[in-house]
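Understanding the architecture of this molecule
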Amino acid sequence: DSNRDAVEITKQALSKAPRNARLWCSLGAAERKLAHMPAARDAYEKAIEYDSNYSQAWCNLGEWHLASGNPKLALENFDRALALEKDLIEALNNRAATLYELGRFADAEKAARAAIEIHPEVAALHVNLGNVLLHTGKARPAVKSFRKALECDPACPEAHMNLATLFGESHRLAEALAFIEHQIAVK
């Protein structure tokens, strides 16, 4: 398995450079892909210990907290990442999703729109805005966001899935589900 190989290779590299924050962050990502959640968190925390200005480590730790059901702590981590690197796509995207999780819908929409202003051609950001809009009762603007996502990335599975669900287009839904099943098998 490539993720197990990544863990082993990264651990070997860390044995030669034990204070390398980027290696610790890479180890955390590989451990997370293996669903080794405590090991992933520990690795991200080590990365931050060795470089507290490493925005990607703060972002990854935020994703970890979000996945672990702690959106408040996740938001703190995303804010920390963005204070260090204001245009970090993953932190911008996850921050908007986290605000939504916290029930702060207007803030989530504002954060999603602000992210798109910085990175207008990133499909995931348009999907995120579409999700916020859809789940706050704004279906028409949501459709526009999903369509914009497809302009940015015609293969974007989330946009296809959401549009298929909204319009009952079974061929799109089948394609999106096949893609997602493939992604699950890969992971």
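Everything below is about the structure printed above this text.
Everything numeric here is computed off the predicted structure, so don't read it as measured data.

1. Regarding the nonpolar core
- By size, the foremost hydrophobic cluster in this structure holds 48 residues, and its most contacted members are Ala91 and Ala159.
- Apart from the residues within four sequence positions on either side, Ala159 is in contact with Val127, Phe146, Ala149 and Leu150.

2. Digging into the packing of helix H8 (residues 123–134) against helix H9 (residues 139–152)
- For the pair H8 and H9, the least separation of the axes is 8 Å and the interaxial angle reads 170 degrees. By the angle class used here, H8 and H9 are roughly antiparallel. The element H8 and its partner H9 pack so that their crossing is left-handed. Between H8 and H9, the contacting residues are Ala123, His126, Val127, Leu129, Gly130, Asn131, Leu133 and Leu134 on the first element and Ala139, Pro141, Ala142, Ser145, Phe146, Lys148, Ala149 and Cys152 on the second.
- Residues that form the contact of H8 with H9 fall into these classes: eleven nonpolar, four polar and one charged.

3. Quick notes on the pattern of salt bridges
- What the rule picks out here adds up to eight salt bridges.
- In this structure, Lys148 and Glu151 form a salt bridge, with 3.4 Å as the shortest nitrogen-oxygen distance. In this pair, Lys148 and Glu151 are both assigned in helix H9, three residues apart and thus about one turn of the helix distant.
- Within this structure, Glu109, Arg113 and Lys138 form a network of salt bridges that share partners.

4. Things to note about the packing of aromatic side chains
- Counted by the stated rule, this structure contains one aromatic pair.
- On the numbers, 4.9 Å between centres and 50 degrees between planes, the contact of Tyr100 with Phe105 is tilted.

5. Re helix H6 (residues 89–101)
- Between its first and last C-alpha, H6 extends 18 Å over 13 residues, near the 18 Å set by a 1.5 Å rise per residue.
- All of the buried residues in H6 are Ala91, Leu92, Asn93, Asn94, Ala96, Thr98 and Leu99.
- Those residues of H6 that are buried are in contact with helix H4 (55–67), helix H5 (71–84), helix H7 (105–118) and H8.
- The positive-phi residue at the C-terminal boundary of H6 is Gly103, with phi of around 80 degrees.

Parameters and conventions
- Residues numbered from 1 in each chain as written.
- Predicted model: local features only at pLDDT ≥ 70, side-chain atom pairs only at ≥ 80, totals over all residues.
- Heavy atoms only, no water.
- Core = buried A, V, L, I, M, F, W, Y, C linked by side-chain atoms within 4.5 Å.
- Buried < 20%, exposed > 50% of the residue type's maximum accessible area, 1.4 Å probe, protein only.
- Contact = heavy atoms within 4.5 Å.
- Axes fitted to C-alpha atoms, helices over the stretch in contact; angles between N-to-C directions.
- Helix = DSSP H or I, 4+ residues; strand = E, 2+ residues; numbered from the N terminus.
- Parallel < 35°, antiparallel > 145°, perpendicular 65-115°, else oblique.
- Left-handed = near helix turned anticlockwise from the far one by under 90°.
- Nonpolar A, V, L, I, M, F, W, Y, C, P; charged D, E, K, R; others polar.
- Salt bridge = Lys/Arg side-chain N within 4 Å of Asp/Glu carboxyl O.
- Phe/Tyr/Trp six-rings, centres within 6.5 Å; stacked < 30°, edge-to-face > 60°.
- Expected span 1.5 Å × (residues − 1).

These figures capture arrangement, not role.
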